[in-house]
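Below are the chains, spelled out letter by letter.
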Amino acid sequence: MKLELISDVVCRWLSSCVVVTTPVENKTKGKLQKQICQVVLDHFEKQYTAELGDKWTSVRDVLTCPSCWQYAILLNKFSQSAELENTLRVEGYHPAFQGTLPYLPRSLKCYISRTPRRFPAQKHQTGKLKEYYLLNAASVLPVLALEVKDGEDVLDLCAAPGGKSITILQCASPGQFHCNEYDDLRSRWLKQTMESFIPDPLVNLITLSKLDGRQIGDFKPELYDKVLVDAPCSNDRSWLFSSDTQQAKLRLIQRKELSSLQFQLLRSAIKALRPGGSLVYSTCTLSKAENSDVINLILKSCANVMPVDISEMAKAVSQEFTFLSDTQQHELLVLPEKGKAWGPMYVAKLKKI
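Numbering of residues starts from 1 in each chain and follows the order in which that chain's sequence is written. Reporting of local features is limited, given that this is a predicted model, to residues whose pLDDT is at least 70; pairs of side-chain atoms are given and counted only at 80 or more, and all residues count toward the totals for whole chains, interfaces and linings. With hydrogens and water stripped out, all remaining heavy atoms of the structure feed into the side-chain values.

Considerations on the pattern of salt bridges
Alright, step 1. Just to be clear on terms, a salt bridge is a Lys or Arg side-chain nitrogen sitting within 4 Å of an Asp or Glu carboxyl oxygen. Throughout the structure, instances matching the rule amount to 18 salt bridges.
Alright, step 2. In this structure, the salt-bridge partner of Glu91 is Arg117, at a minimum N-O distance of 4.0 Å. Of the two residues, Glu91 sits in the loop between α4 (82-90) and β4 (94-95) while Arg117 sits in the loop between β5 (110-112) and β6 (132-135), which places them 26 residues apart along the sequence.
Alright, step 3. The cut-offs for exposure are 20% and 50% of the maximum accessible area for each residue type, with area from a 1.4 Å probe on protein chains only; residues under the lower value are buried, those over the upper are exposed, and the others partly exposed. Of the residues examined, Arg117 reaches a relative accessible area of 28% and is grouped as partly exposed.
Alright, step 4. We note a salt bridge from Asp184 to Lys210, for which the minimum N-O separation is 3.3 Å. Taken together, the residues Asp184 in helix α7 (residues 184-197) and Lys210 in the loop between β9 (206-209) and α9 (216-219) connect sequence positions 26 residues apart.
Alright, step 5. Its relative accessible area of 39% is what places Asp184 among the partly exposed residues. Numbered from the N terminus, helices here are DSSP runs of H or I no shorter than four residues, and strands are runs of E no shorter than two.

So this is what it looks like as structure tokens:
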């Protein structure tokens, strides 16, 4: 089978397997709890012990304990509620991002709590905007690294379910905003997210597409000032709770193809980027093969890109996030730990020259 076909299968297969948890009733608490997939845990145990050393034990304890996961609340500036902000503060939430960040628009408001809890989700209602979006706070970091300014042309290459696209629009008003999602189901999910958070006049100015991300650079060469590649990856949190053991085994086998797909997406993104423009690559996996190895390969094979230092951003949020110490200045890796259970989230920034 050709590499291109394999990558296409992996991309579509990943997109169709986002929700993979099977709840079982915990009779003592009367709640639904997730079951860990032992096949995936054994695989991660071997890989991440080798890659993270002693840190893996504490990371594993968070990833395998959904009850200690924390959820951030991203407020929607298009449906502001002073009452909601007051409620969050009364309940012990505080701003996740403040102080000396190199890029922090005043319009971006994201609240977190040190106590593991989940604020009630709002249902999608046609014609009514939601007041907030629940997300992993580490998901905001790629957007802060991208530093979108008003009027810039922006591409979100792998945009579903839409959380980072929503965050970009909380930060700035792009001149042209192109949100792309290859998979049909996830594309519909993206469209619904945008309709839930962005008012009609602005939604109509956003381009939603279902193009193959590996080909966008050829279709739209040097068209964008900023590109976000939140790439398909082996989602560690989700995979640990795979409900089908055979599916999990297949997923782990096909995982080897992901780095090739991610490399192709990055190559395409670089083509779509204007000279002088910036690109941010992110994943929600701890895997070195899908993170720093992919970026290092891009830097070695593409003479027209250079790394961009994001260490100041990491330093500015170090009280809220735990980072792997053994990374280069153009990258960061958020490690989940109790009390700061955000991530995993890998972020790297490049500039086209």
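Right, picking up where we left off after that structure.
Comments concerning the UniProt feature "domain: SAM-dependent MTase RsmB/NOP-type" (unreviewed entry) in the protein
Alright, step 1. UniProt positions are given in the numbering used here, feature names are shortened, and annotations may be inferred rather than shown by experiment. Mapped onto the present numbering, the UniProt feature "domain: SAM-dependent MTase RsmB/NOP-type" (unreviewed entry) falls at residues 63-353.
Alright, step 2. Measuring from the first to the last C-alpha atom of residues 63-353 gives 39 Å, for a span that is 32% helix and 20% strand.

Concerning the UniProt feature "active site" (unreviewed entry) in the protein
Alright, step 1. Cross-referencing UniProt, the feature "active site" (unreviewed entry) maps to Cys284 in the present numbering.
Alright, step 2. Positionally, Cys284 belongs in the loop between β11 (273-283) and α13 (292-301).

Some remarks on the side chain of Glu85
Alright, step 1. You can see Glu85 is positioned in helix α4.
Alright, step 2. Residues count as neighbours in contact if any of their non-hydrogen atoms are within 4.5 Å of one another. When neighbours within four sequence positions are excluded, Glu85 is seen to be in contact with Leu75, Lys109 and Tyr111.

Considering the pairing of β11
Strand residues, when the strand is regular, have side chains that alternate between the two faces of the sheet.
Alright, step 1. Burial runs high along β11: 8 of the 11 residues are buried.
Alright, step 2. Paired strands, as defined in this entry, are two strands with at least two bridges between them according to DSSP. In the sheet, strand β10 (residues 224-230) pairs with β11 via 6 bridges, with the strands oriented parallel. Within β11, the residue paired with Val229 across the bridge is Tyr281.
Alright, step 3. Two strands pair when backbone bridges link them, and β11 and strand β14 (residues 345-352) are joined in this way by 6 bridges, in the antiparallel orientation. Bridge pairing in β14 places Thr283 opposite Tyr346.

Comments concerning the packing of aromatic side chains
Alright, step 1. Note on aromatic contacts: the rings of Phe and Tyr and the six-membered ring of Trp form a pair at centre separations within 6.5 Å, being stacked when their planes are under 30 degrees apart, edge-to-face when over 60 apart, and tilted otherwise. Counted under the stated rule, the structure contains 9 aromatic pairs.
Alright, step 2. Taken together, a centroid distance of 5.1 Å and an interplanar angle of 45° make the contact between Phe44 and Tyr48 tilted. With Phe44 and Tyr48 both in helix α2 (residues 38-52) and 4 residues apart, this pair spans about one turn of that helix.
Alright, step 3. Taking the relative accessible area as the measure of exposure, Tyr48 reaches 0% and is therefore buried.
Alright, step 4. Seen from their ring centres, Tyr48 and Trp56 are 5.3 Å apart, and the 55° between their planes marks the pair as tilted.

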